[in-house]
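Spelled out from the first residue to the last, the chains are:
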Amino acid sequence: MLEVLLELIPVKLRRAVEVLEKASPKVAGLDIPESPVGVPAPNSVAMGAAVKALLPEAKVFSHIRVVDVNEVALLSLIKAAKAVGIDGVVLTRGDPPALGRAVGRLSTEEALDLVRSRVRRPVELGAVLSMRYDEARIVERMRRGFNFFLVLRLSEDSMEKYLRIAEAAEVYGVKLYPYVIVESERNRALLESLGQPSVRRRDVDRFIDELRGVAAGVIVSCPGDHECLEELAMSI
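Just so it is clear, the model here is predicted, and its values are computed rather than measured.

K.L.:
Can you tell me about the nonpolar core, naming the residues and giving the values?
P.N.:
If you look at the biggest cluster of nonpolar residues, it comprises 69 residues, and the most contacted ones within it are L74, I78, L91, Y162, L176 and V220. No other element matches helix α6 (residues 159-172), which puts 6 residues into this core. Not counting residues within four places of it along the chain, the set of residues in contact with L91 comprises I64, L74, I78, T108, A111, L112, G126, A127 and F146. Counting 11 residues, the second-largest nonpolar core is a separate cluster that includes L150, Y177, Y179 and I219.

K.L.:
With reference to specific residues and values, describe the side chain of S44.
P.N.:
The topology assignment puts S44 in helix α2 (residues 44-54). Assessed through its relative accessible area of 0%, S44 is described here as buried.

K.L.:
Now, about the pattern of salt bridges: what can you tell me, with residues and values included?
P.N.:
As enumerated under the stated definition, the model contains 18 salt bridges in all. Measuring nitrogen to oxygen at the nearest pair gives 2.5 Å for the salt bridge that ties R164 to E135. One end of the pair, R164, is in helix α6; the other, E135, is in helix α5 (residues 135-142), with 29 residues separating them in the sequence. For E135, a relative accessible area of 28% corresponds to the partly exposed category. The partner of D225 in a salt bridge is R186, with the nearest N and O atoms 3.0 Å apart. On the criterion of sequence distance, the pair formed by D225 in the loop between β9 (217-221) and α9 (226-235) and R186 in the loop between β7 (175-183) and α7 (188-194) is long-range, its members being 39 residues apart. Of the residues examined, R186 reaches a relative accessible area of 52% and is grouped as exposed.

Thresholds, definitions, all that
- Residues numbered from 1 in each chain as written.
- Predicted model: local features only at pLDDT ≥ 70, side-chain atom pairs only at ≥ 80, totals over all residues.
- Heavy atoms only, no water.
- Core = buried A, V, L, I, M, F, W, Y, C linked by side-chain atoms within 4.5 Å.
- Buried < 20%, exposed > 50% of the residue type's maximum accessible area, 1.4 Å probe, protein only.
- Helix = DSSP H or I, 4+ residues; strand = E, 2+ residues; numbered from the N terminus.
- Contact = heavy atoms within 4.5 Å.
- Salt bridge = Lys/Arg side-chain N within 4 Å of Asp/Glu carboxyl O.

So this is what it looks like as C-alpha cells:
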C-alpha cells in the first residue's frame, strides 16, 4: 500500500494535529523538514515527538540538518527520535544557515556511519536523492546503507528513469518516497523561482497512481500554500 505523507512545517502543534485529524484515511502522517533554506523553525525532532505523543498511529519523518550539529548533538537527536517513537529520520546536509555559521563538518554519509557505529538499532535513517543526477551516481548512493530516500525532482519527463531506479532500490532493499510538489495559484511564482518540477492540482491523484507499486510512499508538498495542503489532505 502506498503511504501518503504531508510535508508540513508546523509553526503551531495544534495546526499540525488538526490537519492530520481532518485528513483522508489515505494520509498516513507527516514529513517535517528542519529549518528550510536555513531559516530557524521549530525543531523537527521536537515537533515530531509532540505529534507522536498526541497521535501515536501517525507516521512521522523528522529531519536533521548535519550542517547545524556536531557529532554529540547528532547522536543526541537520533537517540531522542528513537526514544519517542519517530518512524524515520532524514539526514540532510542542509543549506547554509541564515544566521550564524555552519557547525557540522560531516557529510550525510559520514553522519550515517557515525550513527550506525554508536546507536544500537536506531530509527530508520533516510537521505535525499535528486533525479537530476545520473543513474549510476544515484544507484551508488542507494548502496550506502540508508533505509529510505526522499526523491526530489521527479516529473513525467523523468518517470522512465525513476522506474529503472526503483528496480535497483528493490534489489538493495531501499524504500523510495518521491516528493509530489503541487502547484497552486498562490505558490506558482515561488515554484518558478525554485525551479522545481511540480504537478497541477487536478493531476495530483493521477500522478500518485502512477507511483503505486514502484514507491513505498509519496511526500505531498504545497510550498507556500498551507490552505492547498489542507485541502489536499482531505481530498487525496
